[in-house]
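Chain residues, written in single-letter form:
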Protein chains: 2
Amino acid sequence: MGEFDLIRRFFAPLSQRRGHPDLLLAIGDDCAIERVPHDRDLVFSIDTQIEGVHFPHHYAPRRIAGRALAAATSDLAAMGATPVCFTLALTLPQAESTWLSEFAKGLAETANRFELALAGGDTTRGPLSITIQVHGTVARDRALRRSGARPGDIVAVSGTLGDAGAALDYLDVPSPGPLEDALLARYHYPAPRLELGQALAGVASSAIDISDGLTSDLGHILEASGVGASIDLDRIPLSGALKQLKGANAVQLALHAGDDYELCVTIPRQRWQDLPGSVRDQLTAIGCIEEGAGLRLSDGNGREDGASQGYDHFGKDL
Amino acid sequence: MGEFDLIRRFFAPLSQRRGHPDLLLAIGDDCAIERVPHDRDLVFSIDTQIEGVHFPHHYAPRRIAGRALAAATSDLAAMGATPVCFTLALTLPQAESTWLSEFAKGLAETANRFELALAGGDTTRGPLSITIQVHGTVARDRALRRSGARPGDIVAVSGTLGDAGAALDYLDVPSPGPLEDALLARYHYPAPRLELGQALAGVASSAIDISDGLTSDLGHILEASGVGASIDLDRIPLSGALKQLKGANAVQLALHAGDDYELCVTIPRQRWQDLPGSVRDQLTAIGCIEEGAGLRLSDGNGREDGASQGYDHFGKDL
């Protein structure tokens with residue numbers, strides 16, 4: 001069996017196993033064909049992950065696939081979209097059967113979890129990298145953008161922050177304890193906030209997913225919206241595991257470390273009060289939007305001037 | 001100026017300079033937003049080009065960008081689609097101002113030529129590679145697929161074949177003559193057959209663009225359609241430059257070399273006769289579809305059994 005057939009063998013089933021009614025034609029032609037319902041907008045985002053930059057060398061192929069697809073899907077969550085399909089551009093040093101089988105398994109698990117069909121792709125020989133473009137749809141004109149934050153809006157985040165960043169210290173620990181394991185799970189298995197994003201479409205005034213760190217990603221909202229914000233450091237949600245393992249450093253990790261894939265949103269005050277309890281329970285208010293540009297961080301002991309210190313490996317989303 | 005800003009400086013103008021009415025939001029958010037007209041289907045394809053595989057080492061950045069975008073756009077031509085927008089995942093060893101400026105220039109020229117807006121992208125540090133996903137639309141249910149060829153259909157190709165493949169021999173020639181230059185132009189500046197594809201949407205029974213070689217790509221149509229074909233080698237269109245420079249080898253190059261980005265289509269006989277002259281003039285009938293599987297090549301002197309010998313660097317389109 002040639003390398004071409006080997007790859008087809010592993011990826012074709014992903015296209016057939018779980019279709020999506022919007023996807024009229026998937027892999028095996030010059031293009032895939034998608035029919036977007038007339039009352040919905042298409043949203044899409046492309047993301048590359050490179051060995052040694054976005055994941056460690058010799059990282060398990062099943063996790064490489066799962067993390068790459070989850071990270072891309074998080075951009076759909078940040079738009080309030082419902083997933084439809086994805087394309088995969090996979091560059092590999094060689095087509096090795098065991099590696100491909102595990103990679104395809106991780107991709108299939110994650111695609112099924114998010115109800116994403118494989119629409120097409122390209123495989124090439126070269127240094128290991130994975131580029132994924134995800135497609136979703138959202139009701140017309142309801143997509144969440146970065147540019148709608150207005151003075152007075154509540155700034156809120158989902159889940160807890162800093163866990164995935166802290167996990168980097170434990171990736172090579174031979175037998176991690178339960179606290180370390182809790183943080184490692186956040187790194188290995190990102191859980192994009194799809195349902196929360198969908199619930200906030202047309203409700204939040206702006207949204208972004210936290211991939212590079214809270215200060216960096218909230219900074220993108222502030223820049224796109226032409227506003228500033230004050231954040232109360234004491235209100236930033238931290239997991240018990242993070243607090244126990246990192247003590248005084250926990251807040252810094254929550255502010256500046258990436259890979260959490262939680263949402264950071266701004267919501268007009270009245271709408272915040274009107275949120276269904278089931279939605280508001282997934283969010284923590286940590287501050288509010290102000291007119292003056294810049295991000296102001298403060299805690300019980302006074303003020304700390306904040307500067308973006310998120311992860312910037314150069315480039316990033318265009 | 002940081003590397004992040006440098007990249008933004010070069011690519012943001014591409015997004016603003018030429019918009020497309022279907023593209024509601026381009027670079028600068030978690031996702032781009034596209035509104036597909038209700039009477040059209042979205043088609044899309046992702047392609048990766050790697051230094052040393054798809055283009056030579058130290059190839060001019062302006063040409064790298066132009067070739068990568070043209071190659072991707074050729075998949076839209078093969079579907080009969082009208083271009084809308086594209087995303088760019090660019091991996092670079094370093095952000096070097098001159099290189100980026102030339103690359104962006106090539107990308108802008110080519111994007112303007114095909115009326116493609118830059119919708120978004122991702123930049124990462126690593127070995128040079130360019131992944132592009134193109135989006136187009138086509139009237140509902142009129143997209144050209146590979147699977148519709150039926151016995152009796154005419155097999156036709158556009159333009160001339162083999163030129164880009166022959167050009168590989170002259171890439172490093174210091175002062176190429178006019179014949180070599182004619183072939184080199186085919187390699188450096190692929191011209192996807194967008195208008196021809198659009199004219200054949202809903203008319204041709206199948207189509208593919210010739211990126212890997214005629215036998216290889218026609219082979220994909222035969223496989224997807226469950227049919228075979230006979231091709232008359234004497235009718236394969238060859239350029240004067242190819243014939244003069246390659247003599248007896250010209251036909252082999254036309255059969256097996258890639259990168260021409262012409263279309264290979266099948267058309268029911270009656271529709272072929274009904275084609276407007278302006279469309280048929282762009283095509284050469286080279287054979288016909290038959291029931292028996294396989295590709296049969298013959299010339300005035302008898303028969304040659306054909307086997308796919310196109311370029312397969314492993315992988316390829318999923």
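Residues numbered from 1 in each chain as written. Chains lettered and ligands numbered in written order. Predicted model: local features only at pLDDT ≥ 70, side-chain atom pairs only at ≥ 80, totals over all residues. Heavy atoms only, no water.

Rules: UniProt positions are given in the numbering used here, feature names are shortened, and annotations may be inferred rather than shown by experiment.
You'll find chain A entered in an unreviewed UniProt entry as Thiamine-monophosphate kinase, with Marinobacter koreensis given as the organism. Under the UniProt heading Function (unreviewed entry), the note attached to chain A is "Catalyzes the ATP-dependent phosphorylation of thiamine-monophosphate (TMP) to form thiamine-pyrophosphate (TPP), the active form of vitamin B1." Under the Catalytic activity (unreviewed entry) heading, UniProt states for chain A: "thiamine phosphate + ATP = thiamine diphosphate + ADP".

**Regarding unusual backbone geometry**
Residue and element names in this part refer to chain B. The following threshold applies: Helix and strand labels come from DSSP, where a helix needs a run of H or I of at least four residues and a strand needs a run of E of at least two; each type is numbered from the N terminus. Exposure classes here rest on a 1.4 Å probe applied to the protein chains alone. A residue is buried below 20% of its type maximum, exposed above 50%, and partly exposed in between.
In this structure, His58 is a non-glycine residue whose phi angle is positive, near 60 degrees. Counting through the fold element by element, His58 comes out in the loop between strand E3 (40–50) and helix H2 (61–79). By relative accessible area, which is 78% here, His58 ends up exposed. For Asp141, which is not glycine, the phi torsion reads 65 degrees and is therefore positive. For Asp141, the location among the structural elements is in the loop between strand E6 (129–139) and strand E7 (154–158).

**Points about the interface of chain B and chain A**
The criterion, for reference: Two residues qualify as a contact provided that any one of their heavy atoms is within 4.5 Å of a heavy atom in the partner residue. Defined here as a combined quantity, buried area equals the accessible surface (1.4 Å probe) lost by two parts on assembly, summed across both. Salt bridges are counted wherever a side-chain nitrogen of Lys or Arg sits within 4 Å of a carboxyl oxygen of Asp or Glu. Pairs of N or O atoms within 3.5 Å make up the polar contacts considered here, provided that, within protein, one atom can donate a hydrogen while the other can accept it, and that residues adjacent in sequence are counted only when both atoms are side-chain atoms.
Counting from both sides, the interface comprises 73 residues of chain B and, opposite them, 73 residues of chain A. Here chain B packs against chain A, burying approximately 6300 Å² in sum over the two surfaces, 59% of which is carbon and sulfur. For the pair chain B and chain A, the number of links is eight salt bridges. Among the salt bridges present, the one from B:Asp141 reaches A:Arg35, with a minimum N-O distance of 3.0 Å. There are 22 residue pairs in polar contact (both at pLDDT 80 or more) connecting chain B and chain A.

**Re the UniProt feature "binding site: Mg(2+) 1" (unreviewed entry) in chain A**
All names here are of chain A. Residues annotated in UniProt with the feature "binding site: Mg(2+) 1" (unreviewed entry) correspond here to Asp47 and Asp122. Tracing the backbone through its elements, the reader meets Asp47 in strand E3 (residues 40–50). Under the relative-accessibility criterion, Asp47 is labelled buried at 13%. Looking at the secondary structure, you find Asp122 in strand E5 (residues 117–125).

**A word on the confidence of the model for chain A**
Here is the rule: Confidence of the prediction at every residue is given by pLDDT, a number between 0 and 100.
With 92% of its residues at a pLDDT of at least 70, chain A reaches an overall mean of 91. The low-confidence segment residues 307–315 of chain A (pLDDT under 50) makes 30 contacts with residues lying over four places distant or belonging to another chain.

**Describing the packing of H2(B) against helix H3 (residues 97–114) of chain B**
Residue and element names in this part refer to chain B. How we decide: Between the N-to-C directions of two axes lies an angle of 0 to 180 degrees, each axis being a line fitted to C-alpha atoms and, for a helix, fitted only over the stretch in contact. Crossings are sorted by hand: turned counterclockwise from the far helix by less than a right angle, the near helix makes the crossing left-handed, and turned clockwise it makes it right-handed. Gly is placed with the polar residues, together with every amino acid not listed as nonpolar (Ala, Val, Leu, Ile, Met, Phe, Trp, Tyr, Cys and Pro) or charged (Asp, Glu, Lys and Arg).
In contact at an axis separation of 7 Å, H2 and H3 are set at 35 degrees when each is read in the N-to-C sense. As for the relative orientation of H2 and H3, their crossing is right-handed in sense. Along the contact surface, H2 presents Pro61, Arg62, Ile64, Ala65, Gly66, Leu69, Ala70 and Thr73, while H3 presents Trp99, Glu102, Phe103, Lys105, Gly106, Leu107, Glu109, Thr110, Ala111 and Phe114. Residue composition of the contact of H2 with H3, by class: ten nonpolar, four polar and four charged.

**A few points about helix H2 (residues 61–79) of chain A**
Residues and elements named next belong to chain A. We apply this condition: Multiply 1.5 Å by the residue count of a helix minus one, and that product is the helix's expected span.
Across its 19 residues, H2 extends 28 Å between first and last C-alpha, which sits within 8% of the 27 Å expected from 1.5 Å per residue. Among the 19 residues in H2, 17 count as buried, and that is most of the element. Just past H2, the residue Gly80 takes up positive phi, approximately 80 degrees.

**What about the pairing of strand E5 (residues 117–125) of chain B?**
All names here are of chain B. The line we're drawing: Note: two strands are recorded as paired if DSSP finds a minimum of 2 bridges between them. The handedness of a crossover follows from its direction of travel: if, with the strands pointing away from the viewer, the path from the first strand over the helix to the second runs clockwise, the crossover is right-handed.
Within E5, eight of the nine residues are buried, which leaves the element mostly enclosed by the surrounding structure. Relative to E5, strand E4 (residues 82–92) is paired through eight bridges, and the arrangement is parallel. For Thr87, the partnering residue across the bridge sits in E5 and is Gly120. Read as a crossover between parallel neighbours, the route from E4 over H3 to E5 is right-handed.

**Remarks on the domain arrangement of chain A**
All names here are of chain A. Rule in force here: Domain ranges listed in this record stem from an automatic or a database domain assignment.
Taken domain by domain, chain A holds domain 1 (3–139) and domain 2 (154–305). Centre-to-centre, using C-alpha coordinates, domain 1 lies 27 Å away from domain 2. Contacts between domain 1 and domain 2 engage 22 residues on the former and 18 residues on the latter. Where domain 1 abuts domain 2, roughly 1500 Å² becomes buried across the two surfaces, and 58% of that area is made up of carbon and sulfur atoms. Asp259 serves as the salt-bridge partner of Arg67, at 3.5 Å between the closest nitrogen and oxygen. Summed over the shared surface of domain 1 and domain 2, the result is seven residue pairs in polar contact (both at pLDDT 80 or more). The set of elements that each furnish at least two residues to the side of domain 1 that touches domain 2 consists of H2, strand E4 (82–92) and helix H3 (97–114). Sort the elements by how many residues they give to the side of domain 1 that touches domain 2 and H2 lands first, with ten residues. Partitioning the side of domain 1 that touches domain 2 into residue classes produces twelve nonpolar, six polar and four charged.

**Remarks on the relation of the copies chain B and chain A**
Applied cut-off: In superposing the copies, a least-squares fit is computed on C-alpha atoms, taking residues whose pLDDT is at least 70 in both.
Screw-axis analysis of chain B against chain A gives a translation of 0.0 Å along the axis, an RMSD of 0.0 Å, and a rotation angle of 180 degrees. Overall, the copies show the geometry of a two-fold rotation axis. Within chain B, the C-alpha atom positioned nearest to the axis of rotation is that of B:His38, 2.6 Å from it. Here 100% of the contact residues of chain B are again contact residues in chain A; the copies associate through an equivalent surface.

**Some remarks on the packing of aromatic side chains**
Quick reminder of the rule: Each aromatic pair joins two rings of Phe, Tyr and Trp (for Trp, the six-membered one) with centres within 6.5 Å, and gets the label stacked for planes under 30 degrees apart, edge-to-face for over 60, and tilted for any other angle.
Under the definition given, this model contains eight aromatic pairs over all chains. Aromatic side chains B:Tyr59 and B:Tyr187 sit 6.1 Å apart centroid to centroid with 80 degrees between the ring planes, which places their arrangement in the edge-to-face category. Here B:Tyr59, found in the loop between E3 and H2, pairs with B:Tyr187, found in helix H5 (residues 178–188); they are 128 residues apart in sequence, far enough to count as distant. A relative accessible area of 8% places B:Tyr59 in the buried class. Under the relative-accessibility criterion, B:Tyr187 is labelled buried at 3%. With a centroid separation of 5.1 Å and an interplanar angle of 15 degrees, the aromatic rings of B:Trp99 and B:Phe103 are classed as stacked. Here B:Phe103 and B:Trp99 lie together in helix H3, a separation of four residues that amounts to about one turn. Residue B:Trp99 shares its accessibility class with B:Phe103, and that shared class is buried. Every member of this aromatic cluster is reached through a ring pair, and the members are A:Phe11, A:Trp99 and A:Phe103.

**Side note on the state of the cysteines**
Note the threshold: Note on disulfides: each one is a pair of cysteine sulfur atoms within 2.5 Å.
The tally for this structure, following the rule as stated, stands at zero disulfides over all chains. Not part of a disulfide, A:Cys264 finds its nearest cysteine sulfur in A:Cys288, a span of 13 Å. The class of A:Cys264 is buried, set by a relative accessible area of 0%. B:Cys31 takes part in no disulfide bond, and the closest cysteine sulfur, belonging to A:Cys85, lies 12 Å away. B:Cys31 sits in the buried class, given a relative accessible area of 3%.

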